[in-house]
Amino acid sequence: MKREIANEVARLGGDPPDGASRREPAPGMMTSKSGSTATAIALRVFLASAPLAGLYLYAQYAFGQARAQEHRGDTGLGIAILLAIVCVSLILSFLVDLMVQIARKRIAASMTSLLILAVLCVPLGWFGCNWFDLRGSMVCEQVGDAFGAFLGLFEKAA
C-alpha cells in the first residue's frame, strides 16, 4: 500500500512519504518533461497538411462532378473560399502555438510553427497581390516565384 501511494505521489510530482522510495522511469523511457522534438515537429506538419490534403481531395471530387454537369457553376470560387477559411483557421491556431512555444522556450517547435505560418500566408498574399493589383511589385514577384519553385518540387516528384 505504501508503495502505491509513493508511486502516485511521485507521478503527481510531490515528495514521497517517509520510508517510501520514489520509482524512477526505466532507462530509455520518455518522461513527460522531456518530450521528443521530432515527434512535436512531425505532429505540427501533420496538423497543417491534413486539412489541406482533405481540401485537395474534395476539390478533385468537386471538379470531377462539375465537369460532368452541362451547366457548370462556380466550383473554383467555392474551393477558393474554403481554402481561405482553412488557411485563416490554421494561421490563427499556429500563431497561438507559436506564442506558446516561444513562452516555453522550445526553439525547434517554434521554428516549425513559424515555417508553417510562412507557407500558410502565401495563398492569402497571392490573393492580396491580385486583389490590389500589385502583381508587378518586387515583393509579390519574389513570393510568387518562391511559391512557384515550391510547387515545382511536387511536380518533379509526381
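Being a predicted model, the structure only gives us computed values, none of them experimental.

Asks: Honestly, the overall build of the protein in this entry has me stumped. Any pointers?
Replies: For the protein, the helix and strand inventory stands at five helices and zero strands. Tracing the protein from N to C terminus, the helices and strands come up as α-α-α-α-α. Sequence-distant contacts, at least 24 apart, represent 46% of the contacts inside the protein between residues at least 6 apart. Accessible area for the protein stands at about 12100 Å²; split by element, carbon and sulfur atoms hold 67% of it.

Asks: Hey, could you run me through the state of the cysteines in this one?
Replies: What makes a disulfide is a covalent bond joining the sulfur atoms belonging to two cysteines. Tallied over the entire structure, the rule returns one disulfide. Here Cys129 connects covalently by a disulfide to Cys140, the sulfurs 1.8 Å from one another. Across the S-S bond of Cys129 and Cys140 the torsion is about -80°, and the bridge reads as left-handed. Of this pair, Cys129 sits in helix H4 (residues 107–131) while Cys140 sits in helix H5 (residues 138–157), and the two are eleven residues apart along the sequence. By relative accessible area, Cys140 is classed as buried at 13%. No disulfide involves Cys87; its sulfur sits 8.5 Å from that of Cys121, the nearest cysteine.

Asks: What is the right way to look at the side chain of Gln101 in this model?
Replies: Tracing the chain through its elements places Gln101 in helix H3 (residues 75–103). Apart from residues no more than four positions distant in its own chain, Gln101 is found in contact with Arg44, Arg106, Ala109 and Ser110.

Asks: Is there a simple way to think about a nonpolar patch on the surface in this case?
Replies: On the surface, a cluster of nonpolar side chains totalling about 620 Å² of accessible area is made up of Tyr58, Tyr61, Leu77, Ile81, Leu82 and Ile85. Elements supplying a minimum of two residues to the nonpolar patch: helix H2 (37–68) and H3. For the nonpolar patch, the leading source of residues is H3, giving four residues. Within the secondary structure, Tyr61 is located in helix H2.

Asks: Help me understand the side chain of Ser113 in this model?
Replies: With respect to the helices and strands, Ser113 occurs in helix H4. Setting aside residues up to four positions removed in sequence, Ser113 forms contacts with Arg44, Phe94, Asp97 and Leu98.

Definitions and limits used
- Residues numbered from 1 in each chain as written.
- Predicted model: local features only at pLDDT ≥ 70, side-chain atom pairs only at ≥ 80, totals over all residues.
- Heavy atoms only, no water.
- Helix = DSSP H or I, 4+ residues; strand = E, 2+ residues; numbered from the N terminus.
- Contact = heavy atoms within 4.5 Å.
- Areas by Shrake-Rupley, 256 points an atom, 1.4 Å probe, with all protein chains shown as cover.
- Disulfide = S-S within 2.5 Å.
- Buried < 20%, exposed > 50% of the residue type's maximum accessible area, 1.4 Å probe, protein only.
- Patch = residues over 30% accessible without salt bridge, like charges linked within 9 Å, V, L, I, M, F, W, Y side chains within 5 Å.
- Salt bridge = Lys/Arg side-chain N within 4 Å of Asp/Glu carboxyl O.

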